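Structural overview for review
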Amino acid sequence: MTSNNTQSRKVEQSRLDHVIGEIKKRQQKLTQSIKRAKTEEKNLNEHFYDDVKINYVGDSTTIETALSIRQQQQMLMERNNSWQHASGRLDVLEKLENNPYFARVDFKEKGEPGPETIYIGLSSFTNDKDEFLVYDWRAPISSIYYDGKLGDVTYNSPEGKQDVNLSLKRQFIIKDGQIENMFDTQETIGDQMLLEVLNEKSSSQMKTIVTTIQQEQNAIIRDTDSDLLFVQGAAGSGKTSAVLQRIAYLLYRYRGNLTSDQVIMFSPNQLFNDYVQNVLPELGEQNMVQMTYWQFASRRVPSFKVQNLFQQFEQEQSPASEKITNLKSSYAFFNLLTRYGNRLARGGVQFRDIKFRGEPFIDKEKIKEIYYGFNSNYKLMNRIEATKEELIKILNRRVSSEMKKKWVQEMIEGLSEEQLRMFYQQPDQEFESGDDEYKFIAKRIVTESLESVAKYINNFRFINFSAQYNHFMQQVPRIFDLEEHGVTTAEWQAEVKQTLSKMKAKELPIEDVSCYLYLYDLLTGKTGERSMKFVFIDEIQDYTPFQIAYLKFNFPNARFTMLGDLNQTILATEPNQRLLADISHLFDPEKTSVAQLTTSYRSTKQVTDFTRGILRNGQKITAFERIGPKPVMVSCSDESEMIDELADQLTAQADKGLTTAVITKSLQESKDVFNLLKQKGVKSTLIGSENQRLVEGTLIVPAYLAKGLEFDSVVMYNASDAVYQKESERQLVYTIASRAMHTLAILYTNQKSRLLGDIDESLYEVKI
Ligand SMILES: Nc1ncnc2c1ncn2[C@@H]1O[C@H](COP(=O)(O)OP(=O)(O)OP(=O)(O)O)[C@@H](O)[C@H]1O
């Protein structure tokens, strides 16, 4: 129902004018107080020492001086904090000024007399009398806007569940301080508003969805009970959107106890990081920490080159090595490593000599004796710490014997007067005798030289981690039933050989890097990043159970939100089938929630109905009623016709100012298409690496980089049967096609991929 009744619109506009007036007044006040605080800070800085009582006589006065300095510093800091806080607030007000709110709800609380009216916007705003003119969309009461139909509704407040009766729900579209449109709605969030939002063009940056959050999404956003919140959602159902608003919600809900650096989000690739980076700032919050699993793992092993996304996607694996990759990625393998780690308390740790000046200094036999000399109930962590302490003690004891060595004598003899003086504590240092001076210098030389050894010990370099990983792999057939996982001992041995030669060449396959890091952590007693409170993992279907278990181990105090679409696995690895079952072992079932999002908002009904047809055992996917053209399948006689067809389509799209992505299977094919188009004078941008930025216009992008993104129009290039044949590629085909918002074209030569064969013919047009 639309409420464009002129009278009520006038009333709303005049209320809006009033609120904007108040916001402007507040802005002025804040600007002045920032100015004042800045001037005060400047003055304080300039006259810092004027007000500090400096007195160098006697101990007590020095303390007084220090106190006085501290007080000055504190004042400075307070001024600084206050203007920084005020300027943060000013940023928010700037956002509110043009568009202070997007909704109004009227409701009556049980037992209260008249109905109350509240307005909901991006952030709260109160007038000088502390009356709320706007409520933050994250406030407990705002939930009724997203959750309830008119009538009785319940919401969660800090005091518990509250019942209210909702009598009006009004949505506004406000631009530059003017109400452009307003609707009254009975429903949770009126389709009309949603339609307006969804009909907009795509952009290279994701937008916020606060004005149209859907009820199921609201439940995900506001969940504060679960240790694990697992969101399964169809392509385009708003998983990523919901989760970004969830982060904003959590930062609001736990303000004071949670900062954005205690929230981390793992994303599928760096392109995606760029795509979502504006959402939180638009909501007035700072971005969380964001990285890919590859970045997370490879920064910890700087001496290795970790296999990247491109290599993973484009590698051809033999069936045997595929089986082994699956095994190494499994939860069973994670448990095996844990068991192996426990056994190391009894024997098997691989030590390395500690050398000094190229000579063995403490040999590995000695280190082993120390390490295993401690009480048998010592855990690995205590054992290594105690060993470290013992080795440092040995090091300290060796200083005096080392001082008598010939190299020290030679070194001192070779020093000029000036160089010698550099070792003095103070330039005019005096010694009782030449012998004293010699001893002093010798001690300094030796301690300085031994510093590198101390560092070596402190960094646990006396353990040879590569050899340890090798030892583990050699042990596997003895401590694990390989046959049960369909792997023969011979296959395993061949794999070990290959991994070792890769490690010699300083390369680590992605599945090995997690094992390697976990083993490292077990041995050194590293217990992860304990300060991280919330971990978000997007596209969870592309993670292996091992990686998830390792992330859980690495963030022991965090609550997890995992989002995924089990229909969109881009890397066709088998353990994903058991992903949910494996994950559930890691969390308390009482504290685990599973949410489903089934409506696809990204694509038109025609595109969604078509893409659903690609899936065999697809989860339930409902199309949102937004109408567009049917997808088109274009059969071309050969490659050159396919490029001609593509060029025609792109030219037509570009005229409409739409962003089109041409998605190919491999990077090489993207490069070829890009060059061929260039020859034809068609402008496009090749997205060949994760480090690029998304731009408007025509993009050529390989499938594995299109993950999580969306475009007005998608052309799936070369969807021929020769290219997409394997059943395991069905989800990849689905992922590609489901990137389209408004139009989708599929080009192929000869025969279209068999994976597109089951789609009902009424769902697409054919062009020959
Ligand atoms: N409640 C909503 N209101 C308006 N737009 C929405 C809403 N929910 C989702 N959308 C839009 O739908 C599109 C898809 O959302 P999003 O990328 O979050 O989906 P996803 O589930 O993460 O998709 P995929 O798994 O395919 O990457 C985005 O353009 C988003 O803005």
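This structure is a prediction, so every number in the text was calculated from the model and none was measured.

1. A few points about the overall build of the protein chain
Secondary structure summary: the protein chain contains 26 helices and 26 strands in total. With the C-alpha coordinates aligned to their principal axes, the bounding extent of the protein chain is approximately 100 × 80 × 60 Å. Within the span of the protein chain, comprising 768 residues, buried residues form 37% of the whole. Long-range contacts, defined here as pairs at least 24 residues apart, represent 74% of the contacts in the protein chain between residues at least 6 apart.

2. Some points on the UniProt feature "binding site: ATP" (unreviewed entry) in the protein chain
Residues given the UniProt feature "binding site: ATP" (unreviewed entry) here are Gly233, Ala234, Ala235, Gly236, Ser237, Gly238, Lys239 and Thr240. Its place among the elements puts Ala234 in the loop between strand E8 (228-233) and helix H6 (239-253). Residue class for Ala234 comes out buried when judged on the 29 C-beta atoms lying within 10 Å of it. Topologically, Lys239 is positioned in helix H6. Discounting residues that sit within four places of it in the chain, Lys239 has contacts with Val231, Gly233, Leu563 and Leu597.

3. A few points about the nonpolar core
Counting residues in hydrophobic clusters, the biggest one holds 160 residues, and the most contacted among them are Ile663, Met716, Ile746 and Leu747. Beyond its immediate stretch of four places on either side in the chain, Ile663 contacts Val701, Ala703, Ala706, Val714, Met716, Tyr717, Ile736 and Arg739.

4. Here we look at the site of the ligand
Around the ligand, 23 residues are found, and the nearest of them are Ala235, Gly238, Lys239, Thr240 and Ser241. Listed by contribution, the elements that provide at least two residues to the shell around the ligand are helix H4 (191-198) and H6. For the shell around the ligand, the residue count by class is 7 nonpolar, 11 polar and 5 charged.

5. Digging into the sheet that holds strand E20 (residues 632-636)
Strands sit in the order E22-E23-E21-E24-E25-E20-E26 across an open sheet of 7 strands; the sheet is parallel. Either end of the sheet is taken by a strand with one partner, and the two such strands are strand E22 (685-686) and strand E26 (765-767). Both strand E21 (residues 660-664) and strand E24 (residues 711-716) contribute to a ladder of 4 bridges, which runs parallel. Looking across to E24, one finds that Ile663 is bridged to Met716. The sheet contacts of helix H26 (residues 730-737) involve E21, E24 and strand E25 (740-749), and relative to E24 the element is tilted by about 140°.

6. Description of the sheet that holds strand E15 (residues 534-537)
Spatially, 6 strands are ordered E10-E9-E15-E16-E8-E17 in an open sheet, and the strand pairing comes out parallel. Taken across any chain shown, the strands that pair with only one partner, and hence form the sheet edges, are strand E10 (289-291) and strand E17 (592-597). Along the sheet, successive strands turn relative to each other by an average axial angle of 15°, direction set aside.

7. What about the packing of helix H12 (residues 331-343) against helix H21 (residues 545-554)?
Following both chains from N to C, one finds H12 and H21 inclined at 50°, their axes separated by 7 Å at the closest point. Relative to H21, the element H12 lies oblique. Contacts between H12 and H21 involve Tyr331, Phe333 and Phe334 from the first element and Pro545, Phe546, Ala549 and Tyr550 from the second. Residues belonging to the contact of H12 with H21 are distributed by class as follows: 7 nonpolar, no polar and no charged.

8. Overview of the pairing of strand E23 (residues 698-702)
The element E23 is extensively covered by neighbouring structure, given that 5 of its 5 residues are classed as buried. Residues of E23 alternate between two faces, with Thr698, Ile700 and Pro702 on one and Leu699 and Val701 on the opposite face, all of them buried. When E21 meets E23, the two strands line up parallel, connected through 5 bridges. Bridging from a neighbouring strand, Thr664 pairs with Pro702 of E23. Taken together, the 2 bridges between E22 and E23 define a ladder with parallel strand orientation. Each residue of the ladder has a partner; that of Thr685, found in E23, is Leu699.

9. Concerning unusual backbone geometry
Even without being a glycine, Asp176 presents a positive backbone phi close to 45°. Within the fold, Asp176 resides in the loop between strand E6 (160-175) and strand E7 (178-184). Given 8 C-beta atoms within a 10 Å radius, Asp176 is considered exposed. We note that Lys506 has phi near 65°; this positive angle belongs to a residue other than glycine.

10. Topic: the pairing of strand E2 (residues 116-121)
Two faces belong to every sheet, and in a regular strand the side chains alternate between them. With 5 bridges connecting them, strand E1 (residues 103-109) and E2 associate as antiparallel partners. Residue pairing across strands places Phe107 opposite Glu116, the latter belonging to E2. Connecting the antiparallel pair E1 and E2 is a turn made up of 6 residues, with Gly111 showing a positive phi of about 85°. Taken together, the 2 bridges between E2 and strand E4 (residues 132-136) define a ladder with parallel strand orientation. Its bridge partner lying in E4, Ile120 is registered against Tyr135.

11. Comments concerning the confidence of the model for the protein chain
Within the protein chain, residue pLDDT values average 87, and 91% of them lie at 70 or more. Element-level mean pLDDT values for the protein chain span from 69 in helix H10 (residues 309-314) up to 97 in E15. Note on residues 56-60: pLDDT is under 50 here. Beyond four places in sequence and across chains, it has 0 contacts. Below a pLDDT of 50 lies the segment residues 570-576, which in the model reaches 23 contacts outside its immediate sequence neighbourhood of four places, other chains included. Model confidence for the complex: the whole-complex pTM is 0.85, and ipTM, which rates the interface, is 0.98.

12. So, helix H14 (residues 380-403)
Three or four residues apart is the spacing at which side chains of an α-helix point the same way, because the helix has 3.6 residues per turn. The terminal C-alpha atoms of H14 lie 35 Å apart, and with 24 residues this matches the ideal 34 Å at 1.5 Å per residue to within 8%. Listing the buried residues of H14 in full gives Arg383, Thr387, Leu391, Leu395 and Glu402.

13. With respect to the packing of helix H15 (residues 406-413) against helix H17 (residues 434-458)
Helix-helix packing: each pair is described by the crossing angle between the helix axes and the interaxial distance. Viewed as axis vectors pointing N to C, H15 and H17 meet at an angle of 110°, and their least axial separation amounts to 10 Å. Here H15 is positioned roughly perpendicular relative to H17, judged by the angle of their axes. Two packed elements cross with a definite hand, and for H15 against H17 that hand is right-handed. Between H15 and H17, the residues in contact are Val408, Met411 and Ile412 and Tyr438, Ile441, Ala442, Ile445 and Val446, respectively.

14. Focus: the environment of Tyr155
The residue Tyr155 is located in strand E5 (residues 151-157) in this model. Leaving out residues up to four positions away in the same chain, Tyr155 has contacts with Pro140, Ile141, Ser143, Ile144, Asp147 and Gln162.

15. Quick notes on H6
The end-to-end C-alpha separation of H6 is 20 Å, in line with the 21 Å expected for 15 residues at 1.5 Å each. By the criterion of burial, H6 is predominantly enclosed, with 13 of the 15 residues buried.

16. Let's talk about the environment of Ile34
Assignment of secondary structure puts Ile34 in helix H1 (residues 6-46). The exposure class assigned to Ile34 is partly exposed, which follows from the 18 C-beta atoms found within 10 Å.

The rules behind these values
Residues numbered from 1 in each chain as written. Predicted model: local features only at pLDDT ≥ 70, side-chain atom pairs only at ≥ 80, totals over all residues. Helix = DSSP H or I, 4+ residues; strand = E, 2+ residues; numbered from the N terminus. Buried ≥ 20, exposed ≤ 12 C-beta atoms within 10 Å, placed from the backbone. Contact = placed C-beta atoms within 7 Å. UniProt positions renumbered as here; feature names shortened; annotations may be inferred. Core = buried A, V, L, I, M, F, W, Y, C linked by C-beta atoms within 7 Å. Near = placed C-beta within 6 Å. Nonpolar A, V, L, I, M, F, W, Y, C, P; charged D, E, K, R; others polar. Pairing = 2+ DSSP bridges. Axes fitted to C-alpha atoms, helices over the stretch in contact; angles between N-to-C directions. Parallel < 35°, antiparallel > 145°, perpendicular 65-115°, else oblique. pLDDT = per-residue confidence, 0-100. Expected span 1.5 Å × (residues − 1). Left-handed = near helix turned anticlockwise from the far one by under 90°.

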